[in-house]
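A structural walkthrough
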Amino acid sequence: MKLIKGMRIVLATHNPGKAPEIAALLGGNYEIVTAGELNLPEPAETETTFGGNAMLKARHAAALSGEVALADDSGLSVSALDGAPGIFSARWAGPGKDFAAAIAKVELRLEESGSEDRSAWFTSALAVAWPDGPCVVVEGRVDGQLVFPPRGDRGFGYDPIFVPAGESRTYSEMDRTEKEADSHRTRAFARLRAALID
Ligand code: IMP
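Source: prediction; values computed, not measured.

**A word on the nonpolar core**
- Grouped together as the largest cluster of nonpolar side chains are 21 residues, with contacts concentrated most on Leu-3, Ile-9, Leu-26, Ile-32, Leu-70, Val-128 and Leu-192.
- Elements with a minimum of two residues in this core: β1 (8-11), α1 (18-25), β4 (119-129) and α5 (184-196).
- Each residue touching Leu-70, except ones within four places of it in the same chain, is listed here: Ile-9, Val-10, Leu-11, Ala-12, Ile-22, Leu-26, Ala-127, Val-128 and Leu-192.

**Thoughts on the environment of Glu-31**
- By the element assignment, Glu-31 lies in strand β2 (residues 31-34).
- Taking the relative accessible area as the measure of exposure, Glu-31 reaches 45% and is therefore partly exposed.
- Residues Glu-31 and Val-10 lie 21 residues apart in sequence; the distance between their C-alpha atoms is 8.6 Å.
- Not counting the four nearest positions on each side in its chain, Glu-31 is found in contact with Gly-6, Met-7, Arg-8 and Ile-9.

**Quick word on the pattern of salt bridges**
- Tallying each qualifying case throughout the model produces 13 salt bridges.
- A salt bridge links Asp-159 to Lys-179; its shortest N-O distance comes to 3.1 Å. Of the two residues, Asp-159 sits in the loop between β5 (135-146) and β6 (162-164) while Lys-179 sits in helix α4 (residues 176-180), which places them 20 residues apart along the sequence.
- Look at Asp-159 and you get buried, because its relative accessible area is 2%.
- Here Lys-179 falls in the buried class, since its relative accessible area comes to 7%.
- One salt-bridge network, held together by shared partners, links Glu-45, Lys-57 and Asp-73.

**Concerning the sheet that holds strand β3 (residues 69-78)**
- Read from one edge of the open sheet, six strands run β2-β1-β3-β4-β5-β6, paired in mixed fashion. Only two strands of the sheet have a single partner each, and these edge strands are β2 and β6. Strand after strand, the sheet turns through a mean of 35° between neighbouring axes, direction not considered.
- Direction of pairing for β3 relative to β4: antiparallel, over a ladder of 10 bridges. Each residue of the ladder has a partner; that of Ser-74, found in β4, is Ser-124.
- Contacts between α5 and the sheet are confined to β3, β4 and β5, with β5 contributing the most and set at about 155° to the helix.

Cut-offs used in this document
Residues numbered from 1 in each chain as written. Predicted model: local features only at pLDDT ≥ 70, side-chain atom pairs only at ≥ 80, totals over all residues. Heavy atoms only, no water. Core = buried A, V, L, I, M, F, W, Y, C linked by side-chain atoms within 4.5 Å. Buried < 20%, exposed > 50% of the residue type's maximum accessible area, 1.4 Å probe, protein only. Helix = DSSP H or I, 4+ residues; strand = E, 2+ residues; numbered from the N terminus. Contact = heavy atoms within 4.5 Å. Salt bridge = Lys/Arg side-chain N within 4 Å of Asp/Glu carboxyl O. Pairing = 2+ DSSP bridges. Axes fitted to C-alpha atoms, helices over the stretch in contact; angles between N-to-C directions.

Quick look at the structure:
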């Protein structure tokens, strides 16, 4: 199964800001419409892995729209916390998307664990589903170290505490193009393009 230039792809998100970013990461050439624009309901994210949740969202949007759908799921995994917050990364910030609180929770859990290990990684899973069944899933990952207190004022989510391997600055201290030159999302999209675009 391939993505054909010019085809319409339903993006399984209700965040309109994601559409231009994902269109660019796919290399242009596609008409992107969001699940929100089509008024498709959002499914509950009931799977236990990033890939599972991406697949669930893509399949749901493809089945309801009758078109090819793309979904992503991403998050931060901390080694000393057995991979938490993982698929619960967004949920740790609560309905108010309070990432200062989510970061404080990571720090507290690390202190409680007694571990000195600050290694962590970001994962981005992408799934593309066709309405008649097939679904392709890929993942990109970037390893790094957590630092406290948080540093920098750019980016989003857990960026202020994550220093990617080989760097001394957090993602929040880098500008967006520097971060996205080799982020988990960039790596996942490279794999997706290799798998699905000729
Ligand atoms: P999703 O929208 O369900 O995939 O949730 C992703 C969550 O993981 C976001 O809300 C962020 O908390 C976190 N996350 C994913 N990618 C990044 C990143 O590049 N920087 C910081 N946080 C991220």
